[in-house]
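Okay, here's what each chain looks like letter by letter:
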Amino acid sequence: MKNIVIVGGGAGGLELATKLGDTFGKRNHANIHLVDANNTHLWKPLLHEVATGSLDSGIDELSYRAQAYNHYFHFHIGRMNNLDRDKKEIILAPIYDENKVEVLPERHLQYDTLVLAIGSQTNDFGTKGAKEFCSFLDSRAQADKFHQKLLNTYLKANNTASQKGNYKLNIAIVGAGATGVELAAELHNTASELSAYGLDQLTADQLQVIIIEAGDRILPALPPRISTAAHRELEKLNIQVKTNTFVQEVTEDGFITNDGHTIAAELKIWAAGVKAPDWMKELSGLETNRANQIIVKPSLQTTLDDDIFAIGDCSFMLQKDGTPVPPRAQAAHQQAYHVYKNLVRISEARTPKDYVYKDKGSLVNLSRYSTVGSLMGNLSSGSMMVEGKIARIVYVSLYRLHQVALHGYFKTALMSLSGRINKIIRPRLKLH
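So, a few notes on the structure that sits alongside this text. Keep in mind it's a predicted model, so treat the numbers as computed, not measured.

**As for empty space enclosed by the protein**
- Evaluation of the coordinates by the stated rule reveals one cavity of 30 Å³ or more.
- There is about 30 Å³ of room inside the largest cavity.
- Counting only elements with at least two residues in the lining of the largest cavity, the list comes to α6 (140-164) and α7 (178-196).
- Take the lining of the largest cavity: its biggest share by element is four residues, from α7.
- Among the residues making up the lining of the largest cavity, the classes are represented as seven nonpolar, one polar and no charged.

**Looking at the packing of α6 against α7**
- Look at α6 against α7: their axes get within 12 Å of each other, and the N-to-C directions meet at 50 degrees. If you check the angle between α6 and α7, you find them oblique. Crossing hand, α6 versus α7: right-handed. Residues Phe146, Leu150, Leu151 and Tyr154 of α6 lie in contact with α7, whose contacting residues are Leu187, Thr190, Ala191 and Leu194.
- When the residues that make up the contact of α6 with α7 are grouped by side-chain class, the tally is seven nonpolar, one polar and no charged.

**Describing the packing of helix α1 (residues 11-25) against helix α9 (residues 329-347)**
- Two elements in contact, α1 and α9, have axes whose closest approach is 8 Å; the angle formed by their N-to-C orientations is 30 degrees. Taken together, the axes of α1 and α9 lie roughly parallel to each other. The two elements α1 and α9 meet at a crossing, and its hand is right-handed. Where α1 abuts α9, its residues Gly12, Glu15, Leu16, Lys19, Leu20, Thr23 and Phe24 lie against Ala332, His333, Ala336, Tyr337, Val339, Tyr340, Leu343, Val344 and Ser347.

**Quick word on unusual backbone geometry**
- For lysine 88, which is not glycine, the phi torsion reads 55 degrees and is therefore positive.
- If you trace the backbone, lysine 88 turns up in the loop between β6 (80-84) and β7 (89-92).
- For lysine 88, a relative accessible area of 24% translates into the label partly exposed.
- In the Ramachandran plot, alanine 349 falls in the positive-phi region, its phi being about 60 degrees despite a non-glycine side chain.
- Mapped onto the elements of the fold, alanine 349 is located in the loop between α9 and β25 (361-366).
- Taking relative accessible area as the criterion, alanine 349 reaches 73% and is therefore assigned exposed.

**Structural notes on α6**
- Helix length check: α6, at 25 residues, gives a terminal C-alpha distance of 35 Å against a target of 36 Å (1.5 Å per residue), a fit within 8%.
- What α6 keeps buried is the set Ala143, Phe146, His147, Leu150, Leu151, Thr153, Tyr154, Ala157, Asn158, Thr160 and Ala161.
- If you follow the buried residues of α6, they end up packed against α2 (47-52), β13 (169-174), α7 and β19 (267-270).
- Residue glycine 165 follows α6 closely and has a positive phi angle near 80 degrees.

**Description of the sheet that holds strand β5 (residues 74-77)**
- A sheet is described by the order of its strands in space; here six strands give the open sequence β5-β2-β1-β11-β23-β22, paired in mixed fashion. Single-partner strands in this sheet number two, and they are β5 and β22 (301-302).
- Here four bridges tie strand β1 (residues 2-7) to strand β11 (residues 113-116), and the two strands are oriented parallel to one another. Its bridge partner lying in β11, isoleucine 4 is registered against threonine 113.
- Lying on the sheet, α1 is in contact with β1, β2 (30-36) and β11; it crosses β2 at an angle near 160 degrees.

**Describing the sheet that holds strand β18 (residues 262-264)**
- Strands sit in the order β16-β17-β18 across an open sheet of three strands; the sheet is antiparallel. Edge positions in the sheet fall to β16 (247-250) and β18, since each of these pairs with one other strand and no more. Taking the axes of each pair of neighbouring strands and ignoring which way they run, one obtains an average angle of 25 degrees across the sheet.

**Details of the layout of surface pockets**
- The computed volume of the second largest pocket comes to approximately 1400 Å³.
- In terms of lining, the second largest pocket is formed by 42 residues, of which the most central are Glu49, Ser54, Leu55, Gly419 and Lys423.
- Of all the secondary-structure elements, those providing two or more residues to the lining of the second largest pocket are α3 (57-60), α7, α10 (388-407) and α11 (409-425).
- Among the elements that take part in the lining of the second largest pocket, α10 stands out by supplying nine residues, more than any other.
- Residue composition of the lining of the second largest pocket, by class: 14 nonpolar, 14 polar and 14 charged.

**As for the environment of tyrosine 154**
- Mapped onto the fold, tyrosine 154 is located in helix α6.
- Of the residues examined, tyrosine 154 reaches a relative accessible area of 2% and is grouped as buried.
- Between the alpha carbons of tyrosine 154 and arginine 350 there is a distance of 59 Å; along the sequence they are 196 residues apart.

Thresholds, definitions, all that
- The numbering scheme is per chain: residues are counted from 1 as the chain's sequence reads.
- Per-residue local features are limited, in this predicted model, to residues with pLDDT of at least 70; the limit for side-chain atom pairs, both in listing and counting, is 80 or more; totals at the level of whole chains, interfaces and linings are taken over all residues.
- Remark: hydrogens and water are excluded; side-chain values derive from all non-hydrogen atoms of the structure.
- Note on definitions: the grid is 1 Å and covers protein atoms alone; a cavity is a set of points where a 1.4 Å probe fits but cannot get out; a pocket is an open set with protein on both sides within 12 Å along at least five of seven lines; lining residues have an atom within 4 Å of a point.
- Grid points are joined across faces, edges and corners, and a volume is the space filled by probe spheres set on the points.
- Strands are runs of DSSP state E lasting at least two residues, helices are runs of H or I lasting at least four, and both sets are numbered from the N terminus onward.
- We call Asp, Glu, Lys and Arg charged. Ala, Val, Leu, Ile, Met, Phe, Trp, Tyr, Cys and Pro are nonpolar, and the rest, Gly among them, are polar.
- Helix axes are fitted only over the stretch in contact, all axes being lines through C-alpha atoms; the angle between N-to-C directions runs from 0 to 180 degrees.
- Angles are sorted into four bins: roughly parallel if under 35 degrees, roughly antiparallel if over 145, roughly perpendicular if 65 to 115, and oblique for all others.
- Two helices cross in a left-handed way if the nearer one is turned anticlockwise from the farther one by less than a right angle. They cross in a right-handed way if the turn is clockwise.
- Contact between two residues is taken to exist if any of their heavy atoms lie within 4.5 Å; hydrogens are not considered.
- Classification of residues uses two cut-offs on accessible area relative to the type maximum, computed with a 1.4 Å probe and protein chains only: under 20% is buried, over 50% is exposed, and between them is partly exposed.
- Between the first and last residue of a helix there are one fewer steps than residues, each counted as 1.5 Å, and that sum is the expected span.
- The pairing criterion for strands is at least two bridges between them, as found by DSSP.

Shape is all these values report; function is a separate question.
Laid out in structure tokens, this is it:
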């Protein structure tokens, strides 16, 4: 049987592995393999909620091995670090435990068809001090680490405020994209919740959240009216937004801008820009761009090898209007389903079809305070802006659709019910 290997268990990769397993793996028509460096999956758009404690990653995470068992594919834990196109195999780096003892050696995995769904990471653009002093939210591990750092910082600040009285805790975020804006609102919500749970010496008014954006408005990838609506909501929460501000250097005390000013911050988060991992640059001779993304044809096959597909944030495809497919979860979801259909066509000796991105709209969730966005494509004629409860319902439904793709409607309904119960019996915030 042919081996179909998918590298990356994010939104697109895991949905594709599940679909192929249910179609080919269940009938023994092909061996489906999923490779990821982690044991569990968490939907990436939720990472800012994990970081602030609004979401308990231990409850919402999904085990790759359990999913593989239930949907007829094989899971391999490991980090891909090379590709041999001549031998048609990928190389997985050795795995070591916390004492640097080897758990698994280097492994080679053969493929007939390879799908790269590795995702992206935050791009610090080589800014001096960013790696040393900033937190990043590219993975569940980083989100958990920031959450613990946030709790420790807040505990210390609460104690200082009880002794000194007039004290301000500054948290600064570089990047006013969806992640930065949503994180800022969640941080404001965390301050209110922690105060309710006993850390009440530092009030919400004493927490200053600052968003630093190099462009002239927040949410630059979204329509101006959504940006304006979100900016208005942030101002209501007393979140400070600094646009047209370039960060030149990061220090232990804060951010130094290009005009020489320092923006003081005890906690510093970098959420500006994305790129594919550095090791993907010119991977086995495949064509890549400056952001290390693999350039693909409209069929989502790589330009130099038809046996290799790339989807999601690690891929780059120009649309007919000359703009690239945006790095969004909805694009990864669409591309995963398109590759599935193309692999079915190839198995039937038919020509693969071209992928066309369908923009279903964009939504930004400002914690429990508000949700703003627009619905487009087949949801309305042109574009329809939505706010408040309707926008919140649509926002939540995006995650439910991801769960439906992985578990089906019945299990997703049970998960939704379980989530409602957890909101009643568990604290509103993860406090440890």
